[in-house]
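A structural walkthrough
Chain residues, written in single-letter form:
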Amino acid sequence: AKRARGAGGGDEPVCSVDEDTPEIALMRDREVKKLLALLRKVTSRSVAVTKDPGNALTRYMFVARLDPGKEQPDPLIPVSDIIDPNLHRELLKAGMSPQESEQAIAQISEQAAESVQAIVEFRKQSERSPASFIDEVTEKESQNRQLHIVYRDKHLTINREHYAKLQNLYHKAGSDARLFRVRLFCLLQRYESIGGTGYQASAPKAVFDCLKDEFGVEHECFASPLNCTLPSWGSAFKDTDSFFGSHGSFFDLSNRDWKKGGSFEANPPFVEESMQMMCDCMHQILQENEEAQVKTSFVVVVPAWTDERAHEVMRESRSNPIPHPCALTKTPTRLVFLRESRTP
């Protein structure tokens, strides 16, 4: 742990060594923008590309960090020495030829490795802890019920309802109140860098009320501090979100004692790989809990991509008591109920 330098006082907050600071959060954001600019540059050379490739980078960053067994030196920017098949497919969808896509990915991978190395080196050399930024991160009033969380010339906007919600989550998590604004800045910057909460259509509160009352749902497997509804929830970025109560990534099964069973809601990022990996993790949990005779259920919200493998797996699952998924909203989304039905 690092103690504050420059914050003054005797009883100084203790922070994690790997915890982001506003400096590191902004540096990472600049590196992400470099990657996006490079992606747009290399794809612009292809006359066949007809749409902006920005979403490809966001999906790439999501998918590349799904497997908790693959340790990455940075919590957001992936490092890989192979031609990433997911990004390759995204660029092919955008209109690039296989050769153009492979060349583009090689350049992006090289830049990503340089970016991560720069962040890692900066983190090693920096002697400042998050606590040393307490007096430098400020709040500014704005119109339309909004606040600006400010560090230097960076203004991150949040509405008052979300601000109050995050403040409440932070307090309930038992996190140090003195570091709230610093950690809030790092949290908001992380989600801005990734492009928002991303690829999810959050279920309305009325749906969660129903799931809680009718099925005993008590935990959200895929959420964020900004869109969580239930008291217990997990999210993609444990390093920033845990201060607000996150249990961490669903894909890291060590983050929760699944052997206790229970009923869970899962609204994964709408990326094919994440949905398929979710199915694999769920079936592992269900199978193990069936053998242990522990009642376990999952309610899953996914897009109506009925030709995707994840949809097929859930429809054919022996743990699925509903033969046909039911519509959740007027948008192309489906509600699928997966249940461990063989446990007495």
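Described below are features of the structure shown in this document. Here the structure is a predicted model, which means the values were calculated and not measured.

Turning our attention to the packing of helix α3 (residues 85–94) against helix α4 (residues 98–125). Two numbers describe how α3 lies on α4: the axes approach to 9 Å, and their chain directions differ by 130°. Considered as vectors, α3 and α4 are oriented oblique to each other. Judged by the sense of rotation from one axis to the other, the crossing of α3 with α4 is right-handed. Counting all contacts with α3, which are made through L87, H88, L91 and L92, the residues of α4 involved are P98, S101, E102, A104, I105 and I108. A breakdown of the residues in the contact of α3 with α4 according to their chemical character gives seven nonpolar, two polar and one charged.

With that settled, consider helix α5 (residues 160–172). Along its 13 residues, α5 runs 18 Å from first to last C-alpha, staying within 8% of the 18 Å computed at 1.5 Å per residue. Following α5 by one or two positions, G174 has its phi on the positive side, about 75°.

Another aspect to go through is the nonpolar core. With 56 residues, the main nonpolar core has I149, I158, L166, L184 and F244 as its most contacted residues. Elements with a contribution of two residues or more to this core: α1 (22–44), α2 (54–64), α3, α4, β4 (146–151), β5 (154–159), α5 and α6 (180–194). Apart from residues lying up to four places away in sequence, L166 is in contact with I158, F180, L184, L187, P225, L226 and F244. Listed in part, the 21 residues of the second largest apolar core include V63, C221, V271 and M275.

The next thing to look at is the pairing of strand β9 (residues 296–303). β9 sits mainly inside the fold: eight of its eight residues count as buried. Burial of the side chains of β9 extends over both faces: T296, F298, V300 and V302 are buried on one face and S297, V299, V301 and P303 on the other. Summarising the sheet, strand β8 (residues 262–266) and β9 pair through five bridges and their orientation is parallel. Following the sheet pairing, S263 is matched in β9 by S297. The parallel pair β8 and β9 is bridged by helix α9 (residues 272–291), and the resulting crossover is right-handed.

Here we take up the sheet that holds β5. Strand order in the open sheet made by the three strands is β3-β4-β5, with antiparallel pairing throughout. Edge positions in the sheet fall to β3 (137–141) and β5, since each has one partner strand and no second. Adjacent strand axes in the sheet meet at a mean angle of 30° when their direction is disregarded. Note: β4 against β5, six bridges, orientation antiparallel. Each residue of the ladder has a partner; that of L147, found in β5, is I158. Set on the sheet, α1 makes contact with β3, β4 and β5; between it and β4 the angle comes to about 95°. Sheet strands in contact with α6 are β3, β4 and β5, and its direction is about 90° off that of β5.

Calculation notes
- Residues numbered from 1 in each chain as written.
- Predicted model: local features only at pLDDT ≥ 70, side-chain atom pairs only at ≥ 80, totals over all residues.
- Heavy atoms only, no water.
- Axes fitted to C-alpha atoms, helices over the stretch in contact; angles between N-to-C directions.
- Helix = DSSP H or I, 4+ residues; strand = E, 2+ residues; numbered from the N terminus.
- Parallel < 35°, antiparallel > 145°, perpendicular 65-115°, else oblique.
- Left-handed = near helix turned anticlockwise from the far one by under 90°.
- Contact = heavy atoms within 4.5 Å.
- Nonpolar A, V, L, I, M, F, W, Y, C, P; charged D, E, K, R; others polar.
- Expected span 1.5 Å × (residues − 1).
- Core = buried A, V, L, I, M, F, W, Y, C linked by side-chain atoms within 4.5 Å.
- Buried < 20%, exposed > 50% of the residue type's maximum accessible area, 1.4 Å probe, protein only.
- Pairing = 2+ DSSP bridges.
- Right-handed = clockwise from strand over helix to strand, strands pointing away.

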